[in-house]
Amino acid sequence: VLLVLDEPRRNKVYLANFDFNGKFIIDNFEGLNNKLITTVLDEFTNNVNADESLRQSLRDSIVSSIIQRNPLLDSDYKAEERDIRSDYTNVIFALTDEISLKGQEIYVLGAMNNWQPTEEYRMVYNEQKGIYTTQAVMKQGYYNYCYGIVDKDGNIDYRTMEGSWSDTENEYQSIVYFRGLGDIYDRIIGFNSFNTTTLPAIR
């Protein structure tokens, strides 16, 4: 599977693009045992923690991508399991950049590799084509990923490739630790998970 050629987003104009907040979903909406894809998508998007407009945007984008890449679908959005199955495939990532990053270690990062710069996801510069590429074996599904530059100490720089946007919709987790007198370990005494679009009022 050859993905669309990616470009850095550091200088892009800000726009809202619904995603899975870095997560991925292993699923095959086509192999549904005669169920409608639209029915499965409705069930899925109704359980997404977001407002109605974002859920509709997610549903529309998935349906659009399924239609574009799947000529086996009929007018009722049906497909036979024997025609399309979830499977592993080699996925080729390709990245271009207008500035020279020669000598930099660029990695594809996401929940699929636990945000760790593993060798499988390390980009290699293709001198002939002038792009960075790598390939990884991945299960059929929907993945969020980004590009990061890793220095010799293992620190990851996301900003150079992805930019930094103060209004980005995202999910965060806050963990509160406590160490009592004489304790030799930290105890978790509080935990909360929240989305930037559904923040509670701060008092």
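Provided above is the structure to which this section pertains.
Residues numbered from 1 in each chain as written. Predicted model: local features only at pLDDT ≥ 70, side-chain atom pairs only at ≥ 80, totals over all residues. Heavy atoms only, no water.

1. Section: the pattern of salt bridges
- What the rule picks out here adds up to 6 salt bridges.
- Of the charged contacts in the structure, one is a salt bridge between Arg 122 and Glu 119, with a shortest N-O distance of 3.1 Å.
- Measuring nitrogen to oxygen at the nearest pair gives 2.8 Å for the salt bridge that ties Arg 179 to Asp 186.
- Exposure remark for Asp 186: the relative accessible area of 42% places this residue in the partly exposed category.
- Each of Glu 105, Glu 119 and Arg 122 takes part in a single network of salt bridges with overlapping partners. (Salt bridge = Lys/Arg side-chain N within 4 Å of Asp/Glu carboxyl O. Buried < 20%, exposed > 50% of the residue type's maximum accessible area, 1.4 Å probe, protein only.)

2. Quick word on the sheet that holds strand β4 (residues 124-126)
- With antiparallel pairing, 3 strands are arranged side by side in an open sheet as β2-β5-β4. Edge positions in the open sheet fall to β2 (88-95) and β4, since each of these has one partner strand only. Across this sheet, the average inter-strand angle for adjacent strands is 40°, counted without regard to direction.
- Here β2 pairs with strand β5 (residues 131-139) via 8 bridges, running antiparallel. Looking across to β5, one finds that Val 91 is bridged to Ala 136. (Pairing = 2+ DSSP bridges. Helix = DSSP H or I, 4+ residues; strand = E, 2+ residues; numbered from the N terminus. Axes fitted to C-alpha atoms, helices over the stretch in contact; angles between N-to-C directions.)

3. Looking at the sheet that holds strand β8 (residues 156-157)
- Spatially, 3 strands are ordered β3-β7-β8 in an open sheet, and the strand pairing comes out antiparallel. Edge positions in the sheet fall to β3 (105-109) and β8, since each has one partner strand and no second.

4. Observations regarding the nonpolar core
- Ranked by internal contacts, the top residues of the largest apolar core, which has 15 residues, are Phe 93, Ile 106, Met 123 and Tyr 147.
- Listed by contribution, the elements that provide at least two residues to this core are β2, β3, β5 and β7 (146-150).
- Dropping the residues within four chain positions of it, Phe 93 is found in contact with Leu 3, Val 108, Tyr 121, Met 123, Tyr 132, Thr 133, Thr 134, Ala 136, Met 138, Tyr 145 and Tyr 147.
- In this structure, Phe 20, Ile 25, Leu 58 and Ile 62 belong to the second largest nonpolar core, which totals 5 residues. (Core = buried A, V, L, I, M, F, W, Y, C linked by side-chain atoms within 4.5 Å. Contact = heavy atoms within 4.5 Å.)

Purely geometric stuff here, so don't read any function into it on its own.
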